[in-house]
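# Observations on chain architecture
Okay, here's what each chain looks like letter by letter:
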Amino acid sequence: MEKRPFNELGLSPEVLKAVDKMGFEEASPIQTAVIPLALSGRDIVGQSSTGSGKTAAFAIPAISKVDSHVRAVQVLILCPTRELAVQVSEEVGKLAHFKRGLHSVPIYGGQSYERQFRALAAGVQVVIGTPGRLLDHMERGTLKLDGLRMVVLDEADRMLDMGFRDDIERILSAVPVGRQLLFFSATLPRGIQDMIKRYSKDPAWVKIEAVTQNAPKVEQVYFEVERRSKVEVLTRVIDLHDFRYGIIFCSTKIMVDELDDHLHSRGYATDRLHGDMSQAQRDRVMEKFRRRGFEFLVATDVAARGIDLDDLEVVFNFDLPNDAEDYTHRIGRTGRAGREGRAFTFVSGRELWKLQSMVRFGKLKIRRENVPSLDQVEEARTNLFFEKLRATLDQGAFKRQDRLLDRLLEQGYPSTDICAALIHLLQGGQATEDDAQVAAGSKKPAREMSDQMAEPKRQPGRREKPVSQVSDPMWIPQARTGREAGFTAVFLNVGRKNRITPADVVGKIAGVTRLPASVVGAIDIRQRHTLVDVSDEHLPMILEKLKGIRVKGQSLAPTLATEGDAARE
Ligand code: ADP
Ligand code: MG
């Protein structure tokens, strides 16, 4: 199915700029087909599945056709519901952002007439509304259509189902001849076909078929997630399955940038790929990703298209793809070479409808699951710990460790105590409660030892699951205020993998704030992040001063620690 860059569709610079600002990288198939036709003045019947981008397909030509010097209604868009009218109006607003003097307003039943009279009298050029209320205004004379150039029927089939047929016909009979008429509908039942015959002249028919194909060996799951919780859920799923190599798809360049920053600051090794990057930059990122120089690639469809990768463990649809075809493309990057792949899709709010329609049209097999709880993450990690411990025992090659153990045994420590102490350390515990404080100030913190053990040498350039996972803390303290009264836990985006030590943490804090080391309490260094208790009194200043400071090559982005942070290894 053809998709083209927006700049090949004959759009004005203002509209192109707006499209770019919205983060759309290229026109969807329905947009590619409809926009040039509509700009040429043809009547159109457009048919494609939900979520395929019909709004912009008609809004872009509509905006392009408006003469913003003329303060009269030039475009009328009919929608079945108030919600849809508002959504369409928002999208028109965004797409017209750089077109000076263009005003649009949604008009729907239930809203006060007063407000609508005022908006209409102010000289808007684009009116988006439900048929009943629009007709009402036409009959009152408050909506004048003498200057009308285009009428759009969005979701025509639904409007008919909702009993708007008479209203629509009365509107269409009343508008001036010579106006352009655009019908959009997922299906074309008789009623619509009759209307098309009666009111449009020689329409161009555009039908975009959903491609039905399915990647066989991919286990596909979706979660219903609130938009603002998506990052948290993403990190939980990654942690739960201990994924190390995958792609996270977002719908816009802006989302890619934001998510990459978020994940990075939470200590995940990520990089990004999108259409604003030069070819050389993209090649560099891909090169690095192929040799597993980082774990997760955050990308848009366009940027990731055509890159050939077949050994991903997982694909995340952080945002829904545009259609079933893109979905299938995305998840096809995992589960190749005979291996089982995983695909996780996040939907929030009305995206659920879009997903359901994709499932129907594209015959996808996606299972709904509940968002994993922190308890589940914790339990999975515990199991993983035992598995790895057992595997390490089974391999049984610990010459160096034997000598260390002999020394401890000679000094009279019982072997069970030694084991218990080690597990305590591996869980992220301090050598002793006091040691955390001691470590904070001392030159050779006791914690150093556990750090060294926790981080055996990694082979450069390879990031296979390291045995060091055994030593990751597996049990998790509860919610995270400071451990002592008067202290609050702060999240730092550096951890064991940056080879940070308690001395570094205290050193930095004391250094940039010029406060005594005693403002720092317990320090808990995790694999990818650190929780450090700081005194409440100096909390704002410490947060402020640490921001952007470089530690071990990483720019700090300190935040108040959450329960989620405390639960992550
Ligand atoms: P439809 O009306 O066909 O159901 P919408 O117009 O509501 O679909 O679009 C669905 C989603 O896709 C919206 O969030 C919209 O912002 C987004 N979208 C539309 N066109 C593009 C594009 N070219 N690139 C990326 N996202 C797009
Ligand atoms: Mg729509």
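Structure: above.
Computed from a predicted structure; not experimentally measured.

### A look at helix α21 (residues 502–513)
Given a rise of 1.5 Å per residue, 12 residues ought to cover 16 Å, and the 17 Å separating the end C-alpha atoms of α21 matches this to within 8%. Those residues of α21 lying buried are Pro502, Val505, Val506, Ile509 and Thr513. In a view along the axis of α21, the buried residues occupy a sector of 90°, so they form one face of it. Downstream of α21 by a residue or two, Arg514 has a phi angle that is positive, lying close to 60°.

### Some details on the site of ligand 1
Around ligand 1 lies a shell of 15 residues, among which Glu26, Gln31, Gly51, Lys54 and Thr55 are the nearest. The side chain of Gln31 places a nitrogen or oxygen atom 2.8 Å from a nitrogen atom of ligand 1. Interatomic distance of 3.1 Å between a backbone N/O atom of Ser52 and an oxygen atom of ligand 1. Here ligand 1 has 570 Å² of accessible area as a free molecule, and 83% of this is covered by the chains. Grouping the constituent residues of the shell around ligand 1 by class yields 2 nonpolar, 9 polar and 4 charged.

### Quick word on the environment of Arg381
By the element assignment, Arg381 lies in helix α16 (residues 374–395). Arg381 sits in the buried class, given a relative accessible area of 1%. Note: C-alpha distance between Arg381 and Asp239 (142 residues apart in sequence) is 8.0 Å.

### Comments concerning the sheet that holds strand β4 (residues 126–129)
Taken together, 7 strands build an open sheet; the order of strands is β3-β4-β2-β5-β6-β1-β7 and the sheet is parallel. Because the sheet does not close on itself, it has two edges, and the strands there are β3 (104–107) and β7 (204–207). Neighbouring strand axes in the sheet, compared pairwise and without regard to direction, differ in orientation by 15° on average. Relative to β4, strand β2 (residues 75–78) runs parallel, the two sharing 4 bridges. Across the sheet, Leu76 pairs through a bridge with Val127, a residue of β4. Contacting β2, β3 and β4, helix α4 (residues 82–95) crosses the sheet at an angle of about 175° to β3.

So, how was this worked out
Residues numbered from 1 in each chain as written. Chains lettered and ligands numbered in written order. Predicted model: local features only at pLDDT ≥ 70, side-chain atom pairs only at ≥ 80, totals over all residues. Heavy atoms only, no water. Helix = DSSP H or I, 4+ residues; strand = E, 2+ residues; numbered from the N terminus. Expected span 1.5 Å × (residues − 1). Buried < 20%, exposed > 50% of the residue type's maximum accessible area, 1.4 Å probe, protein only. Arc of directions from axis to C-beta. Near = heavy atom within 4 Å. Polar contact = N/O pair within 3.5 Å; in protein donor to acceptor, adjacent residues only side chain to side chain. Areas by Shrake-Rupley, 256 points an atom, 1.4 Å probe, with all protein chains shown as cover. Nonpolar A, V, L, I, M, F, W, Y, C, P; charged D, E, K, R; others polar. Pairing = 2+ DSSP bridges. Axes fitted to C-alpha atoms, helices over the stretch in contact; angles between N-to-C directions. Contact = heavy atoms within 4.5 Å.

Read these as geometric descriptors, not functional statements.
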